[in-house]
Amino acid sequence: MSNKFTIRTASRIIFALLASTALANTFIMGSVNAQPTTQNNAKPASMNQDRVLIKLVQDLQRKDEQLSKHEEELAAQKQQIEELKKLVQQLAGSKGQGVASPVVQAQSKTAAPVVSSVQSQPPAPAVVKKVGLERRQLPKDKPPQISAVPQDGGVLLAPGKMVLEPSFEYSRSSALRVAIEGFTIIPALSIGSFEISAVDRNTVTTAVAARLGLFRRFEISAVIPYVYRDETTSTRPIGVGSTATTLSNVSGMNIGDIEVSAHYQINDGKNGWPFFIGNLRLKSATGDDPFSVPIGANGLPTELSTGSGFYAIQPSISIIYPTDPAVLYSSLGYVLNLPRNIGGTYGQIDPGDSIDYSFGMGFGINENTSFSLGYSHSMIFETTQNGATIPTSDVLQVAQMTTGLSHRINERVNVNVNIGAGLTDDAPDMRFGIKVPVKLDLW
């Protein structure tokens, strides 16, 4: 039998005994009052005893009421503790932890005697509402934590933090070209020789990227790629009496163009403002030069280049606007390709500059998983040779729709998967990539 039951029972028994004693004394006093006046001297002492008994009875009754009130308060507190314990266990379970905090466990042990009296009661609405508000009251200037934001998005690393990011990317593009040598009588009738060629290009890029937070709001990064390219051309002349299709396959594999970048977060994103990040990217020409690959007897290269052969500078600005549970992002940049004097029959080649912009959204499904949806577009201008535009060069429009999925394995490792689909003829037909960022603490 519990202590509460023993105390309450004992108090009630004493209360009943004292009440019976008081009634008995009252009856006796009534009888005494009916006797002769010779016993009046004992009356004051009996009346004092009655007052003491009545006071004791009143004190016991007041103690009993206080005990009942304390028991109700204890039951309410136990109910609140149980609800908080369940909520903490749910939060810990969503983060991969199956146990509650030591504080909640200690509280549950302290309040163990009243578990059976409150477990069957419904949750306390006031407590749940209060805890929910505490989870929603996040600082407005806290950087967004969605990991599915694409390359131009994201939040800069704190000083001493580093991210190593091995990656794999595969892209495929195809093109159908028709070459006509002759003249046209009317728009629907051409005379001469025709050649139809289909080109399929496959590119596999493995890379290791590193990001390092040097100072507050300042971060540097570098990417070292290794590229494999494969190109298959199917050619068939028409109108020359040949029905055979000529196939040619060329490939190349080597290091690609190494890139280094610097990023600076311009503002804190407070008072409802988005985050503004300035970026500066430098691209080298460490890959195989397209002008130095070996040429076969047919005048076509026997190997494919793995780099562009030109240095490039790209300033850009990224805008990130967190709006729970999503993050909106956009970026705008300009790629300046530096001209190069190749010599020989090529002379000075100036590849066309380009304007790049993108926008999209990252959406958090839960604390560990998120996805992104975006659009990117590059407008590449004509290439010039010795100051004059090459006749066959034209403005290229490269547009892609991208989607991504990110999952956090633990506090240090993420897995990001991205898929892109080309929307224009100049864009790759498809692109698939996977990245595994690993966070490290250097200092």
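Here, the structure is the one placed above.
Just so you know, these numbers come straight off a predicted model, no measurement behind them.

Novice: Looking at this structure, how should I read the overall build of the chain?
Specialist: Counting its regular elements, the chain contains five helices and 18 strands. Residue burial in the chain is summarised as follows: out of 443 residues, 28% are buried. Accessible surface, the chain as shown: approximately 27500 Å² in total, 61% of it carbon and sulfur.

Novice: Help me out: how do you make sense of the pattern of salt bridges in this one?
Specialist: Where side chains of opposite charge bring their charged atoms close, a pairing between them can arise. For the structure shown, the criterion picks out 13 salt bridges. Of the charged contacts, one joins arginine 217 and aspartate 268 as a salt bridge, the two residues approaching to 2.4 Å between their closest N and O atoms. Linking arginine 217 in the loop between strand E2 (189-215) and strand E3 (218-238) with aspartate 268 in the loop between strand E5 (259-265) and strand E6 (275-283), this pair joins segments that are 51 residues apart in sequence. Using a relative accessible area of 17% as the deciding quantity, one classes arginine 217 as buried. Judged by relative accessible area, which is 26%, aspartate 268 ranks as partly exposed. With a shortest N-O distance of 2.4 Å, aspartate 289 and arginine 340 are connected by a salt bridge. Here arginine 340 lies in strand E9 (residues 340-343) and aspartate 289 lies in the loop between E6 and strand E7 (312-323), a separation of 51 residues in the sequence. On the basis of relative accessible area, arginine 340 is assigned to the partly exposed category, the value being 28%. Among the ionic contacts, a cluster of salt bridges with common partners joins Lys161, Arg412 and Asp441.

Novice: Can you help me understand the sheet that holds strand E14 (residues 388-389) in this one?
Specialist: To summarise the sheet geometry, strands pair through backbone hydrogen bonds and adopt either a parallel or an antiparallel arrangement. The strand order across the open sheet built from four strands is E9-E10-E13-E14, with neighbouring strands paired in antiparallel fashion. What marks the edges here is a single partner per strand, and that holds for E9 and E14. By the bridge criterion, three bridges tie E9 to strand E10 (residues 347-350) in an arrangement that is antiparallel. Residue pairing for E10: asparagine 341 is matched across the bridge by glutamine 348.

Novice: Got a minute to help me understand the packing of aromatic side chains in this structure?
Specialist: Any pair of aromatic rings gets described here by the distance separating the centres and the angle formed by the planes. Per the counting criterion, the structure on display carries five aromatic pairs. Ring plane angle 40° and centroid distance 5.6 Å describe the contact between phenylalanine 359 and tyrosine 375, whose orientation is recorded as tilted. Taken together, the residues span a long stretch of sequence, with phenylalanine 359 in strand E11 (residues 354-364) and tyrosine 375 in strand E12 (residues 369-380) at a distance of 16 residues. Through a chain of ring-to-ring contacts, three or more aromatic side chains come together here, namely Phe291, Phe310 and Tyr346.

Novice: Could you clarify how one ought to interpret the side chain of asparagine 279 in this entry?
Specialist: Positionally, asparagine 279 belongs in strand E6. For asparagine 279, the side chain forms a polar contact with the side chain of serine 318, separated by 3.0 Å. Among all residues touching asparagine 279, those that are not within four sequence positions of it are Ala262, His263, Gln314, Pro315, Ser316, Ile317 and Ser318.

Novice: Even after reading the chapter, I still don't get a nonpolar patch on the surface, so can you show me in this structure?
Specialist: On the surface, a cluster of nonpolar side chains totalling about 550 Å² of accessible area is made up of Tyr264, Ile266, Ile317, Leu332, Tyr357 and Phe359. When you line up the elements, tyrosine 357 lands in strand E11. Assessed through its relative accessible area of 33%, tyrosine 357 is described here as partly exposed.

Novice: Sorry, what's going on with the pairing of strand E15 (residues 396-408) here?
Specialist: Note on strand geometry: in a regular strand, side chains alternate between the two faces of the sheet. Summarising the sheet, E12 and E15 pair through twelve bridges and their orientation is antiparallel. Among the inter-strand pairings, serine 372 is bridged to a residue of E15, identified as glycine 404. Sheet analysis places E15 next to strand E16 (residues 414-422), joined by nine bridges and oriented antiparallel. The residue of E16 that forms the bridge with leucine 405 is valine 417. If you look at the hairpin formed by E15 and E16, you'll find five residues sitting between the two strands.

The rules behind these values
Along every chain, residues carry numbers that run from 1 in the direction the sequence is written. This being a predicted model, a pLDDT of at least 70 is required before a residue's local features are given, and a value of 80 or more before pairs of side-chain atoms are given or counted; all residues contribute to the totals for chains, interfaces and linings. Excluding hydrogens and water, the side-chain figures rest on all heavy atoms present in the structure. Helix and strand assignments come from DSSP, with helices taken as H or I runs of at least 4 residues and strands as E runs of at least 2, each series counted from the N terminus. Whether a residue is buried, partly exposed or exposed follows from its accessible area with a 1.4 Å probe, protein chains only, as a fraction of its type maximum: under 20%, in between, or over 50%, in that order. The protein chains shown are the only cover counted for residues, whose accessible areas, like all others here, come from Shrake-Rupley with a 1.4 Å probe. Counted as salt bridges are all cases of a side-chain nitrogen of Lys or Arg within 4 Å of a carboxyl oxygen of Asp or Glu. By the convention used here, strands pair only if DSSP detects at least 2 bridges between them. In summary, the pairing rule links any two rings of Phe, Tyr or Trp, Trp by its six-membered ring, whose centres are within 6.5 Å, and it sorts them by plane angle into stacked for under 30 degrees, edge-to-face for over 60 and tilted for everything else. Here a polar contact means two N or O atoms within 3.5 Å. Within protein one must be a hydrogen donor candidate and the other an acceptor candidate, and residues neighboring in sequence count only if both atoms are side-chain atoms. Pairs of residues are marked as contacts when any of their non-hydrogen atoms sit within 4.5 Å. In this scheme, patches are assembled from residues that exceed 30% relative accessible area and form no salt bridge. Like charges are connected within 9 Å, while nonpolar side chains (Val, Leu, Ile, Met, Phe, Trp, Tyr) are connected within 5 Å.

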